[in-house]
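Tertiary structure, described
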Amino acid sequence: MSKIYNFSAGPSVLDQSVLDATAQASIEFKSLGMSLMEMSHRSKHVMDMVVETESMVRELLEVPDGYDVLFLQGGASLQFAMIPMNLLGKKQTADYTDTGKWSAKAIKEAQPFGNVNVACSSKGDVYNHIPKELNQSQNAIYLHVTSNNTIYGTQWHEFPNPINPNGFLVADMSSDIFSRSIDISKFGLIYAGAQKNMGPAGVTLVIVRNDILGKVERKIPSMMTYQIHIDNKSMFNTPPVMSIYGVNRTLNWLKKIGGVKAMTERNGKKAKKLYNEIKQNPSFKSLIREEDRSYMNVPFIFANRGDESEFLSFCDSRGLKNLKGHRSVGGFRASIYNAMPEAGVDALVKAMRDYQ
Ligand SMILES: Cc1ncc(COP(=O)(O)O)c(C=O)c1O
C-alpha cells in the first residue's frame with residue numbers, strides 16, 4: 001500500500017499495528033479457527049478481551065475508584081439524549097456551553113428532558129473561541145462541555161468548575177479523548193465516540209461516576225439506562241465486538257509508546273509545528289483565537305483569496321488526503337489525532353511552503 005497521510009476528522013487514521021491486528025482477527029482470532037466476527041460475545045476469549053479493554057481504559061486514563069467504564073452503541077449522538085434522560089429530572093436544570101455544532105446538538109437533544117440553560121455561546125463569532133464568562137445556574141445538576149470542537153478547531157484547555165457544589169461536569173470528549181492527561185475526578189460523566197482517537201466507529205466509551213445515577217424518576221428504556229449496562233458489564237445486548245477489539249489494539253499501541261503523557265507531548269509538538277507554519281506562511285491564516293486553539297483539529301484558510309481546490313489537489317498529489325474544511329466553514333482542516341505521525345505534519349508543512 002502506498003503511504004498516504006489521512007487528515008480526516010473522523011473516522012480517521014489508525015496506527016498500522018491496529019489495522020494489522022484487526023485484519024488478522026477478522027480472519028482468525030487467537031488461532032481458534034474462527035473469525036472474531038463469528039464468535040459469541042459470551043465466549044471466554046471475547047469476554048476476556050472486553051475486560052482487558054476496560055482495564056486499559058482505566059489504566060491509561062487513571063480512572064479513580066467509583067467510576068464505571070462502558071462500551072455502548074449509538075455514537076456520541078445517542079449520549080446527547082441518554083445523559084439528560086438518566087441525569088436530569090423534568091423540573092431540574094442543566095447548564096450547557098455552546099461552543100460548536102456538536103454542543104448545539106447536545107443542547108437540542110437535552111431540551112425535552114428538563115430545563116436547559118445555555119451558560120455561554122460563541123456562535124455569534126462563528127465559534128472562533130471558547131467563552132471565558134459562564135452564566136451558570138445556582139442549582140444546575142451538571143455543566144456540559146464539548147472538550148474539543150472538531151469542526152471549528154477550538155478546545156477547552158482549562159475546564160470550568162460547576163458553581164453548584166453538588167453539580168458535576170459532563171464532557172463530550174469524542175475528538176480528544178486519550179490525547180492529553182485529564183483529571184477524571186473533575187467529571188461526573190465523560191463520553192466519546194471511538195472513531196477519532198480510540199478505534200473504528202461503532203462503539204462509544206462512557207465513563208460515569210456511579211453516585212450520580214438512579215436519581216431521576218422517569219421510566220427509561222433498558223437500552224438507555226446506564227445502570228443496566230453497568231450491571232451487565234456492557235453486555236446487556238450483543239456489543240460491537242470488532243470495534244471494541246479495534247479500541248483494545250489502539251490502547252495497547254498507546255501504552256507501548258508511553259501512554260497519555262507521552263501522547264500529550266507528541267501532540268503538542270505536532271500542533272506547534274502546524275500553527276507556526278500557518279502563522280509565518282503568508283498564504284495562510286487561522287481564524288481561531290490563539291489561546292483556544294485545538295491540538296487535534298487545525299482549520300485554516302487562505303490569507304488572501306485563492307483557489308481552494310487547487311491547494312487541495314496539490315496536497316492530494318503528495319498523498320496528503322482529506323484536508324478540506326467542514327462544509328459549514330470551508331477552507332482547510334488538518335485533523336492531527338494521536339495516530340497521525342509527526343512525519344505527516346512535516347509533510348503538510350512542506351507542502352504549504354512549496355505551495356507558497
Ligand atoms: C465532538 C463530537 N461530538 C459528537 C460527534 C458525533 O459523534 P457520533 O457520530 O459518534 O454520534 C462528533 C462527530 O464528529 C464530534 O466530533
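Refer to the structure printed above.
Residues numbered from 1 in each chain as written. Predicted model: local features only at pLDDT ≥ 70, side-chain atom pairs only at ≥ 80, totals over all residues. Heavy atoms only, no water.

1. Quick look at the environment of Gly-319
- Within the element layout of this structure, Gly-319 appears in the loop between α8 (308-317) and β13 (320-321).
- A relative accessible area of 9% places Gly-319 in the buried class.
- Considered as a pair, Gly-319 and Tyr-5 are 314 residues apart in the sequence and their alpha carbons are 6.1 Å apart.
- Excluding residues that lie within four positions of it along the chain, Gly-319 makes contacts with Ile-4 and Tyr-5. (Helix = DSSP H or I, 4+ residues; strand = E, 2+ residues; numbered from the N terminus. Buried < 20%, exposed > 50% of the residue type's maximum accessible area, 1.4 Å probe, protein only. Contact = heavy atoms within 4.5 Å.)

2. Digging into the sheet that holds strand β4 (residues 115-121)
- The mixed open sheet is built from seven strands, whose spatial order is β2-β10-β9-β8-β5-β3-β4. Of all strands in the sheet, those bounded by a partner on one side alone are β2 (67-72) and β4. Each strand axis lies, on average, 15° off the axis of its neighbour in the sheet, ignoring direction.
- As defined by bridge partners, strand β5 (residues 142-146) adjoins strand β8 (residues 168-172) across five bridges and the pair is classed as parallel. What sits directly across from Thr-146, in β8, is Asp-172.
- The strands touched by helix α2 (residues 44-61) within the sheet are β2 and β10 (204-209), with β2 carrying the most contacts at an inclination of about 130°.
- Strand contacts of helix α4 (residues 101-110): β3 (93-98), β4, β5, β8 and β9 (187-193), with the helix running at about 160° to β3, the strand carrying the most contacts. (Pairing = 2+ DSSP bridges. Axes fitted to C-alpha atoms, helices over the stretch in contact; angles between N-to-C directions.)

3. A look at the side chain of Ser-294
- Looking at where Ser-294 falls in the secondary structure, it is placed in the loop between β11 (284-285) and β12 (297-302).
- Of the polar contacts made by the side chain of Ser-294, one reaches the side chain of Asn-148; its length is 2.6 Å.
- Separated by 2.9 Å, the side chain of Ser-294 and the backbone nitrogen of Met-296 make a polar contact. (Polar contact = N/O pair within 3.5 Å; in protein donor to acceptor, adjacent residues only side chain to side chain.)

4. Here we look at the site of the ligand
- Close contacts around the ligand come from 13 residues, with Ser-77, Thr-150, Asp-172, Gln-195 and Lys-196 the closest.
- One of the backbone nitrogen or oxygen atoms of Ala-76 is found 3.0 Å away from an oxygen atom of the ligand.
- In this structure, Lys-196 approaches the ligand through a side-chain N or O atom, which is 2.7 Å from an oxygen atom.
- Protein chains bury 85% of the 400 Å² of accessible surface belonging to the ligand in isolation.
- With four residues, helix α3 (residues 75-87) is the single largest residue contributor to the shell around the ligand.
- Residues of the shell around the ligand, tallied by class, amount to three nonpolar, eight polar and two charged. (Near = heavy atom within 4 Å. Areas by Shrake-Rupley, 256 points an atom, 1.4 Å probe, with all protein chains shown as cover. Nonpolar A, V, L, I, M, F, W, Y, C, P; charged D, E, K, R; others polar.)

5. Describing the packing of α3 against α4
- Running from amino to carboxyl end, α3 crosses α4 at an angle of 40°, the nearest separation of the two axes being 8 Å. The angle between the axes of α3 and α4 places the two elements in the oblique class. Between α3 and α4 lies a crossing of right-handed hand. Here Ser-77, Phe-80, Ala-81 and Pro-84 of α3 come into contact with α4, specifically with Trp-102, Lys-105, Ala-106, Glu-109 and Ala-110.
- Taken together, the residues of the contact of α3 with α4 break down into six nonpolar, one polar and two charged. (Parallel < 35°, antiparallel > 145°, perpendicular 65-115°, else oblique. Left-handed = near helix turned anticlockwise from the far one by under 90°.)

6. Concerning helix α1 (residues 16-27)
- Compared with the 16 Å implied by 1.5 Å per residue over 12 residues, the 17 Å span of α1 between its first and last C-alpha is a close match.
- Of all the residues in α1, the buried ones are Val-18, Ala-21, Thr-22 and Ala-25. Projected down its long axis, α1 shows its buried positions confined to an angular sector of 95°, all on one face.
- Contacts made by the buried residues of α1 are with α6 (241-256). (Expected span 1.5 Å × (residues − 1). Arc of directions from axis to C-beta.)

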